[in-house]
Amino acid sequence: MREPAVALSGVSKHFGDVAAVAGIDLDIPDGGFFSLLGPSGCGKTTTLRMIAGFEFPTTGSIRIKGVEVGLEPPNRRPVNTVFQSYALFPHMTVEANVAFGLQMKKVGSAEAAQRVARALDMVQLGGRAGARPAQLSGGQQQRVALARALVNEPAVLLLDEPLGALDLKLRQAMQVELKELQERVGITFLYVTHDQEEALTMSDRIGVMNEGRLLQVGDPQSIYEHPTSRFVADFIGDINLLPATVIDRETVELMGGSKAGAITGEPSGSKVTVAIRPERFELFDPDETIPAGSNRIDGTVARRTYYGDVFYYDVDTPAGRVEAKEENRPGVELYGHGDPCVVVWSPEATTVVRG
Amino acid sequence: MTATVESEGDLLEEAARRADSRRGFLIALPSYVYLMIFFVVPFGIVFVYSFATRSSTGRTILEDFNLNSYSRLFDPVVARIATRSLTLAVVTTVLCLMMSYPFAYYIVSRGTSVRNALLILVMIPFWSNFLVRTYAWRVLLGSDGPISQISQALGGGEVRVLFTTTAVLIGLVYGYLPFMVLPLYASLERMDWQLVEGARDLYASGWTAFRRITLPLSMPGVVAGSILVFIPTLGAYVTPALLGGARTTLLGDYIVGQFLGARNWPYGSALSVGVMAVMLAAAVAYFRVGAKTA
């Protein structure tokens, strides 16, 4: 296996009595798009800043491409950062901004000019080399910040919620662009965000953080489909969380006494939470035959909400109120307030999390 | 049709702009009146007097306008005094800048409460009279003052600083330091420190990041502070009069001497107008340079 681009072991950071990062072990594979995802204050930005060298860890070791960087200042680390506010130098032209890192590394002026031009072309700003940052739009400033960092060919590119300041349309376009850029240049991207959609769409791997700890690391699908904790299940996407009791390795009992198939791995009798995505639910008429092997629970529709492409149903069941999401297909059967129905889902879509 | 709507909109906007500027004028009116009475009119009088003639008894004859007083500005005496004043003003400005920048930087780097306390400390001297504070330096620097006494107690000699250019320099730096600290503080306080992190991230050492980012971005403060110190020190009168010696005549003393001692109001007026012209030219040039670098 290739050496990880960044390896954190036992890294913590205390500010006074507060542990912003409370012991993290993490290997970030080389050449991929890795996202640190979590709510604000979860320690993801502090982790990024420790890798960049703006903060020093209280304990633990940080290695970049196998080299310990623990107490090295930022200028002596082979990483570059795209800041949330871009941090473009307002008194320099776009070109001078992008050339700054090369100039500091004493790259020859002919080579530097060539690399700056190439970096600006890469972000489609070749024509704005002489402009000041203030003359550019938010999206363009964002691209300059990317070019300014990538021109140095860092071992890892650190991105601190760089899309936060852009409007929705531009943000979505930039998500695709960032991912394509990463694949093209092959540099490891470490992306910090609180936006689960950003993390899911762009990343090869995601690390979910909360309260200074790393809760789960995996590819987007495994994070979304198989959360291992109640926090991860709840934080990423919409999800129904139902209290349940484990019966055996393949069965849980929901509130109201109905049994459901699930993959538990927990000892019989333990109190757990069952997590099911709304889109995994299907609604059937009470007298319809349902697919064999499916879980079922009878309920009454409390509300139907129209979203254009989908309908959301709130269904009251003995196990609690659940939310089901149905695609707006032609000929789809609609249920209204008070209609009896059967909520159906497969055992594989039933994730059991502790707590 | 659309054209008419557009031009109607333009007319409305134009009317709103005019109403705005009328309101602006009304708000500024008291300041205009104040400046007219206490600045423009007196300066007009000085300007007119600078073309007048001094009678043999020291009276000013307004009927006879000429450029005689201005021709005297090219006297070697004036050149000597002006050079001395200019040097002193430049040295004072540079010393103030060198002392204030680290201090302003330090203030900005502190938390809010410490920051406010330090700013109040900077402003405390303004609570007492400038004249009184300058007199205090006379006591401090005198040959039997505390500094001299400490020097003697430690086995050194008597400190003879009072009534020298050094004493004037100490007094001027002391007096005008806050005028340098405050604009520097204001410009450093507005600074986006993430830019420094950005430079560090792009392999700049701490010193290089300061030289390439912090210093250029704080130039407006450097320019404003330098002008606020340079201009009053160039024409300083009180400090040199109290702390300086008889041999260190400066522009301020010299002009006052023309009005009070030599009773040559036209020449004093011409000197004043000349000094003001130089100051104005210096300020304009300095602002231009500042605007370019910032």
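1. Some words on the overall build of chain B
Item 1. Looking only at helices and strands, chain B features 13 helices and two strands.
Item 2. A compact globule built from 294 residues would reach a C-alpha radius of gyration of about 19 Å, whereas chain B, at 25 Å, exceeds it by more than 25%.
Item 3. Expressed along its principal axes, the backbone C-alpha trace of chain B runs to roughly 85 × 65 × 35 Å.
Item 4. Going through the 294 residues of chain B one by one, you find that 28% of them count as buried.
Item 5. Long-range contacts, defined as pairs at least 24 residues apart, comprise 70% of the intrachain contacts of chain B with a sequence gap of at least 6.

2. Considerations on the overall build of chain A
Item 1. Scanning chain A from N- to C-terminus turns up eight helices and 20 strands.
Item 2. Based on the C-alpha atoms only, the size of chain A along its principal axes is roughly 80 × 45 × 40 Å.
Item 3. In chain A, which comprises 355 residues, the proportion classed as buried is 40%.
Item 4. Long-range contacts, defined here as pairs at least 24 residues apart, represent 64% of the contacts in chain A between residues at least 6 apart.

3. Some points on the sheet that holds strand E5 (residues 67–68) of chain A
Item 1. If you walk across this open sheet you meet the four strands as E2-E1-E4-E5 (chain A), and the pairing is antiparallel. Every interior strand has two partners, whereas the edge strands, strand E2 (18–28) and E5 of chain A, have only one.

4. Observations regarding the packing of helix H3 (residues 76–109) of chain B against helix H10 (residues 219–234) of chain B
All names here are of chain B.
Item 1. Between H3 and H10, the least distance of the axes is 9 Å, while the angle of their chain directions is 145°. Here H3 runs over H10; the crossing is right-handed. Of the residues in H10, those in contact with Ser85, Leu86, Leu88, Ala89, Thr92, Thr93, Cys96, Leu97 and Ser100 of H3 are Val222, Gly225, Ser226, Val229, Phe230, Thr233 and Leu234.
Item 2. Looking at the contact of H3 with H10 residue by residue, the classes come out as nine nonpolar, seven polar and no charged.

5. Structural notes on unusual backbone geometry
All names here are of chain A.
Item 1. A positive phi angle is found at Lys106, which is not glycine, with a value near 60°.
Item 2. Mapped onto the fold, Lys106 is located in the loop between helix H2 (94–104) and helix H3 (109–122).
Item 3. Positive phi, normally seen in glycine, also occurs at Glu211, with a value near 45°.
Item 4. Residue position: Glu211 is located in the loop between strand E9 (205–210) and strand E10 (213–218).

6. A look at the interface of chain A and chain B
Item 1. Taken together, the contacts link 16 residues of chain A with 15 residues of chain B.
Item 2. Of all the secondary structure elements, the ones that give two or more residues to the side of chain A that touches chain B are strand E6 (79–82) and H2 of chain A.
Item 3. Counting residues per element, the side of chain A that touches chain B draws most heavily on H2(A), at three residues.
Item 4. Per-class residue counts for the side of chain A that touches chain B are nine nonpolar, six polar and one charged.

7. Description of the confidence of the model for chain B
Caution is warranted with low-pLDDT regions, since their predicted coordinates should not be read in detail.
Item 1. Taken as a whole, chain B shows an average pLDDT of 90; of its residues, 96% reach a score of 70 or greater.
Item 2. Here the prediction assigns the complex a pTM of 0.83, and the interface score ipTM is 0.86.

8. Considerations on the pairing of strand E14 (residues 271–276) of chain A
All names here are of chain A.
Item 1. Burial analysis of E14 places five of its six residues in the buried class, the great majority of the element.
Item 2. Two elements, strand E11 (residues 240–248) and E14, share six bridges in a ladder whose sense is antiparallel. Bridge pairing links Leu241 to Ala275 in E14.

9. Describing the domain arrangement of chain A
Residue and element names in this part refer to chain A.
Item 1. For chain A, the domain assignment lists domain 1 (6–232) and domain 2 (240–354).
Item 2. Here the C-alpha centroids of domain 1 and domain 2 sit 39 Å apart.
Item 3. Of the residues lining the interface, five residues belong to domain 1; the matching set on domain 2 comes to six residues.
Item 4. Residues belonging to the side of domain 1 that touches domain 2 are distributed by class as follows: one nonpolar, three polar and one charged.

10. Remarks on helix H1 (residues 44–52) of chain A
Item 1. Among the nine residues of H1(A), nine are classified as buried, and the element is accordingly described as predominantly covered.
Item 2. For H1(A), every residue scored as buried is listed here: Lys44(A), Thr45(A), Thr46(A), Thr47(A), Leu48(A), Arg49(A), Met50(A), Ile51(A) and Ala52(A).

11. Overview of the pairing of strand E3 (residues 33–37) of chain A
Residues and elements named next belong to chain A.
Item 1. Taken across its five residues, E3 has five buried, putting it largely inside the fold.
Item 2. What you see with E3 is no split at all: Phe33, Ser35 and Leu37 on one side and Phe34 and Leu36 on the other are buried throughout.
Item 3. Inspection of the sheet shows E3 paired to strand E8 (residues 188–193) by five bridges, in the parallel sense. Among the inter-strand pairings, Phe33 is bridged to a residue of E8, identified as Phe189.
Item 4. Here E3 runs beside E9; their pairing, made up of four bridges, is parallel. Note on E9: the bridge partner recorded for Leu36 is Gly207.

12. So, the sheet that holds strand E15 (residues 282–284) of chain A
Residue and element names in this part refer to chain A.
Item 1. Judged by pairing direction, the sheet is antiparallel, and its five strands sit side by side in the order E15-E19-E16-E17-E18 without closing on themselves. Edge positions in the open sheet fall to E15 and strand E18 (320–327), since each of these has one partner strand only. Sheet twist, expressed as the mean angle between neighbouring strand axes with direction ignored, is 45°.

13. Here's the deal with helix H4 (residues 112–123) of chain B
Item 1. Taking 1.5 Å per residue as the helical rise, H4(B) with its twelve residues ought to reach 16 Å, and the 17 Å between its terminal C-alpha atoms agrees with that figure.
Item 2. Of all the twelve residues making up H4(B), zero are buried; the element is thus mostly uncovered.

14. Observations concerning the nonpolar core
Item 1. Ranked by internal contacts, the top residues of the largest apolar core, which has 102 residues, are Ala147(A) and Leu190(A).
Item 2. Top contributing element to this core by residue count: helix H4 (residues 138–150) of chain A, with six residues.
Item 3. Two domains each provide a minimum of three residues to this core, namely domain 1 (6–232) and domain 2 (240–354) of chain A.
Item 4. Not counting chain neighbours up to four residues away, the residues in contact with Ala147(A) comprise Val98(A), Ala119(A), Leu120(A), Met122(A), Val123(A) and Leu125(A).
Item 5. Counting 42 residues, the second-largest nonpolar core is a separate cluster that includes Leu141(B), Ala167(B), Leu169(B) and Val223(B).

15. Structural notes on the packing of helix H8 (residues 194–201) of chain B against helix H9 (residues 206–217) of chain B
Residue and element names in this part refer to chain B.
Item 1. As a packed pair, H8 and H9 sit with axes 10 Å apart at the nearest point and diverge in direction by 140°. Taken together, H8 and H9 sit at an angle that is classed as oblique. Here H8 and H9 pass one another in a crossing that is right-handed. Judged by residue contacts, Leu195, Val196, Ala199 and Arg200 of H8 engage Ala209, Arg212, Ile213 and Thr214 from H9.
Item 2. Across the contact of H8 with H9, the residue classes tally to five nonpolar, one polar and two charged.

16. Describing the environment of Leu271(B)
Residue and element names in this part refer to chain B.
Item 1. Along the chain, the position of Leu271 falls in helix H13 (residues 265–293).
Item 2. Taking the C-alpha atoms as reference points, Leu271 and Trp193, 78 residues apart in sequence, are found 46 Å from one another.
Item 3. Leu271 has contacts with Leu73, Tyr254, Ile255 and Gln258, leaving out every residue within four places of it along the chain.

Thresholds applied
Residues numbered from 1 in each chain as written. Chains lettered and ligands numbered in written order. Predicted model: local features only at pLDDT ≥ 70, side-chain atom pairs only at ≥ 80, totals over all residues. Helix = DSSP H or I, 4+ residues; strand = E, 2+ residues; numbered from the N terminus. Rg over C-alpha atoms; globule rule 2.2 N^0.38 Å. Buried ≥ 20, exposed ≤ 12 C-beta atoms within 10 Å, placed from the backbone. Contact = placed C-beta atoms within 7 Å. Pairing = 2+ DSSP bridges. Axes fitted to C-alpha atoms, helices over the stretch in contact; angles between N-to-C directions. Left-handed = near helix turned anticlockwise from the far one by under 90°. Nonpolar A, V, L, I, M, F, W, Y, C, P; charged D, E, K, R; others polar. pLDDT = per-residue confidence, 0-100. Domains from an automatic or database assignment. Expected span 1.5 Å × (residues − 1). Core = buried A, V, L, I, M, F, W, Y, C linked by C-beta atoms within 7 Å. Parallel < 35°, antiparallel > 145°, perpendicular 65-115°, else oblique.

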